[in-house]
Amino acid sequence: MTQTQTSPADVLASFGPGVGLCGDIHPFANGKKDTPLAERLAENPLLMAPMAGVTDSAYRMMARAGGADCAYSEMVSCAGLHYGGNGSWELTECAEGEPDLAVQLFGTRPELFREAAEGVAERLGTRLVLIDINMACPVPKVTKKGEGAALMETPELAESLVSACVEALAPYGVPVTVKIRRGRRDGRELAPEFARRMEAAGAQAVAVHGRYATQFYHGEADWETVRRVADAVQIPVIGSGDVRDAREAVRMLSETGARAVMVARGSYGNPWVFRQAKDILAGMEPLTPGLVTRIEAFECHMRLLAATGAHLKRGRSLANWYLKGMPEAAFWRGEANKCTTLEEFLRVSARIKEAMAEAEDHGFEIR
């Protein structure tokens, strides 16, 4: 097999099964779009969260191949779509071999949400799982415009955004969901009442991150917030925040009343986290990939980046994640940070495997 492939689907089929990933991704809920979203989430509760600068096509395909039931785009600006930015539209596209996608939008103007929702639905067709509205992003350059988590302090505007999307997507049968935080400002919990208002506006599910926006990602996420929101609404609640591994994903489902769970940073360098959670839910002991398997999964991920046309400098972040906890990790991260091409990344990974083999020859156990 050559180092480059003609398509992302070829890459995944060729290299995925060897590292414990599925070589052929199945659509969300087996493509049962006529089934209510609540039922689909109940049966397919493990979701790969939207992450800005992270969840490109290659990342989504790795997560889906690792057992994620659904994967989200990076958050996409409605204004960016309106003013014709090709980069914004590219964020909403599926790669070959990627069966479907949940697209997350952000902004503040109902007319642009309506336009964006219709445009995404036209482009993706049956591959569009849902439109999610970001009301959780804590980044100041977003909130200072009244977007993201700032919308939690303007519930009437937030309702109008949901209503605009619901109306626009009704002919396509595509559900609208929202992602929120505990509240915008520390100590002022808004989530339960805000979620009720989003439900009344037509949202079919709400994802809840148990931190205030002012916390960013510091401190502990309050999972009791997820429970309070689940008690406040009839629509499904998706739990988010501090789901760092498969056992925490299962615990989120069992302890909070959430019907589904978003895994974000817990998937860094660990696309298997979703399959591991499914194994735990099925009463089985999850398999843990060894170090060599993790290196080869990194190679697969890099090949997917190349096949999808992504900027290969993203591989530097991937190397940090896949190499975490390995012998001489700092040195190898430094080597990866010098790479700019697929061939250079693959040469570094080959050197890592050679070093592991030499260590085993000298009596060191490499798992």
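Cut-offs and rules
Residues take numbers from 1 onward in each chain, read along the sequence in its written order. With pLDDT at 70 or above as the cut-off, local features in this predicted model cover only qualifying residues; side-chain atom pairs require 80 or more to be listed or tallied, and sums for whole chains, interfaces and linings still use all residues. Values shown for side chains rest on all heavy atoms present in the structure; no hydrogens or waters enter the calculation. To obtain each axis, a line is fitted to C-alpha atoms, and for helices this fit is confined to the stretch in contact; angles are then taken between N-to-C directions over 0 to 180 degrees. A run of DSSP states H or I qualifies as a helix once it reaches four residues; a run of E qualifies as a strand once it reaches two. Both are numbered from the N-terminal end. Oblique is the label for any angle not covered by the other classes, which are roughly parallel (under 35 degrees), roughly antiparallel (over 145) and roughly perpendicular (65 to 115). We call a crossing left-handed when the near helix sits turned anticlockwise from the far one by less than a right angle, and right-handed when that turn is clockwise. Two residues form a contact once any of their heavy atoms are found within 4.5 Å. Only Asp, Glu, Lys and Arg are considered charged, only Ala, Val, Leu, Ile, Met, Phe, Trp, Tyr, Cys and Pro nonpolar, and every remaining residue, Gly among them, polar. Three labels apply to residues, based on accessible area from a 1.4 Å probe with only protein chains included: buried if under 20% of the type maximum, exposed if over 50%, partly exposed otherwise in between. Directions from the helix axis toward the C-beta atoms define the arc. Strands are labelled as partners when DSSP assigns at least two bridges between them. Convention used here: a crossover is right-handed provided that the path from the first strand, over the helix, to the second strand proceeds clockwise when the strands point away from the viewer. For every residue, the predictor reports its confidence as pLDDT, a number between 0 and 100. Side-chain rings of Phe, Tyr and Trp (the six-membered ring for Trp) are treated as a pair once their centres are within 6.5 Å; stacked means planes under 30 degrees apart, edge-to-face means over 60, and tilted covers the remaining angles. Consider the ring centre and the ring normal. A charge sits over the ring if Lys NZ or Arg CZ is within 6 Å of that centre and within 35 degrees of that normal. For this analysis, a salt bridge means a side-chain nitrogen from Lys or Arg found within 4 Å of a carboxyl oxygen belonging to Asp or Glu.

*Asks:* Even after reading the chapter, I still don't get the packing of helix α3 (residues 57-65) against helix α13 (residues 291-307), so can you show me in this structure?
*Replies:* For any two helices packed against each other, one specifies the inter-axial angle together with the distance between the axes. Running from N to C, α3 and α13 cross one another at 140°; their axes reach a closest spacing of 8 Å. Our classification of the angle between α3 and α13 gives oblique. Note that α3 runs across α13; the crossing there is right-handed. Taking contact as the criterion, the partners of Ala58, Tyr59, Met61 and Met62 in α3 are, on α13, Ala297, Cys300, His301, Leu304 and Leu305. Tallied by class, residues from the contact of α3 with α13 come to eight nonpolar, one polar and no charged.

*Asks:* Can you walk me through helix α14 (residues 314-322) in this structure?
*Replies:* Residues separated by three or four positions in an α-helix point in the same direction, a consequence of the helix having 3.6 residues per turn. Three or more residues of α14 are buried, namely Gly315, Leu318, Ala319 and Tyr322. Taken around the axis of α14, the buried residues stretch over an arc of 105°, which confines them to a single face.

*Asks:* I would appreciate a short explanation of the pairing of strand β7 (residues 237-240) in the present structure.
*Replies:* In the case of a regular strand, side chains alternate between the two sheet surfaces. Of the two faces of β7, both are covered, the one formed by Val237 and Gly239 as well as the one formed by Ile238 and Ser240. Where strand β6 (residues 205-212) and β7 come together, four bridges link them in parallel fashion. Residue Ala207 lies in a different strand from β7, and its bridge partner there is Ile238. Taken together, β6, helix α10 (residues 223-232) and β7 form a β-α-β motif whose crossover is right-handed. What joins β7 to strand β8 (residues 260-263) is helix α11 (residues 246-255), and the crossover it makes is right-handed.

*Asks:* Explain the pairing of strand β2 (residues 70-77) here, please?
*Replies:* In terms of burial, β2 is largely enclosed, as eight of its eight residues are buried. One ladder, built from four bridges, connects β2 with strand β3 (residues 101-106); its direction is parallel. Looking at the pairing, Met75 lines up with Gln104 of β3.

*Asks:* Just to check I follow, could you spell out the confidence of the model for the chain for this structure?
*Replies:* A low pLDDT means the predicted coordinates there should not be read in detail. For the chain, mean pLDDT is 95; residues scoring 70 or higher make up 97% of the total. With pLDDT under 50 throughout, residues 1-5 is counted as low confidence; its partners more than four residues away or in other chains account for 13 contacts.

*Asks:* Help me out: how do you make sense of the sheet that holds β8 in this one?
*Replies:* Two pairing modes exist for strands in a sheet, parallel and antiparallel, and in both the strands are linked by backbone hydrogen bonds. Read around the closed barrel, the eight strands follow the order β1-β2-β3-β4-β5-β6-β7-β8; overall the barrel is parallel. Neighbouring strand axes in the sheet, compared pairwise and without regard to direction, differ in orientation by 30° on average. Where β7 meets β8, two bridges bridge the pair, whose relative direction is parallel. Note that in β8 the partner of Ile238 across the bridge is Ala260. Here helix α9 (residues 191-201) sits on the sheet in contact with β4 (128-135), β5 (176-183) and β6, set at roughly 165° to β5.

*Asks:* How should I be thinking about the packing of aromatic side chains in this particular structure?
*Replies:* Ring pairs (aromatic) are described by centroid distance and by the angle formed between their planes. In total, this model carries five aromatic pairs according to the counting rule given. Judged by centre distance (6.4 Å) and plane angle (90°), the rings of Tyr59 and Trp321 are edge-to-face. Highlighted residues: Tyr59 in helix α3 and Trp321 in helix α14, separated in sequence by 262 residues. For Tyr59, a relative accessible area of 4% gives the class buried. Trp321 gets classed as partly exposed once you look at its relative accessible area, which sits at 22%. Its end group placed over the ring of Tyr217, Arg181 keeps NZ or CZ at 4.9 Å from the ring centre. Of note, Arg303 hangs over the ring of Phe15, and the distance from its end group to the ring centre comes to 4.1 Å.

*Asks:* Looking at this structure, I do not really get the pattern of salt bridges. What am I missing?
*Replies:* For side chains of opposite charge, pairing can occur when their charged atoms come near one another. In this structure the tally under the stated criterion is 26 salt bridges. In this structure, Glu193 and Arg196 form a salt bridge, with 2.8 Å as the shortest nitrogen-oxygen distance. A residue pair is termed a helical-turn pair when its members lie 3 or 4 positions apart in one helix, as Glu193 and Arg196 do in helix α9 at three residues. By relative accessible area, Glu193 is classed as partly exposed at 42%. Sharing partners across several salt bridges, the network here consists of Glu153, Arg184, Arg185 and Arg188.

*Asks:* Any chance you could explain α3 here in plain terms?
*Replies:* Counting buried positions over the nine residues of α3 gives nine, a clear majority of the element. Those residues of α3 not exposed but buried are Ser57, Ala58, Tyr59, Arg60, Met61, Met62, Ala63, Arg64 and Ala65.

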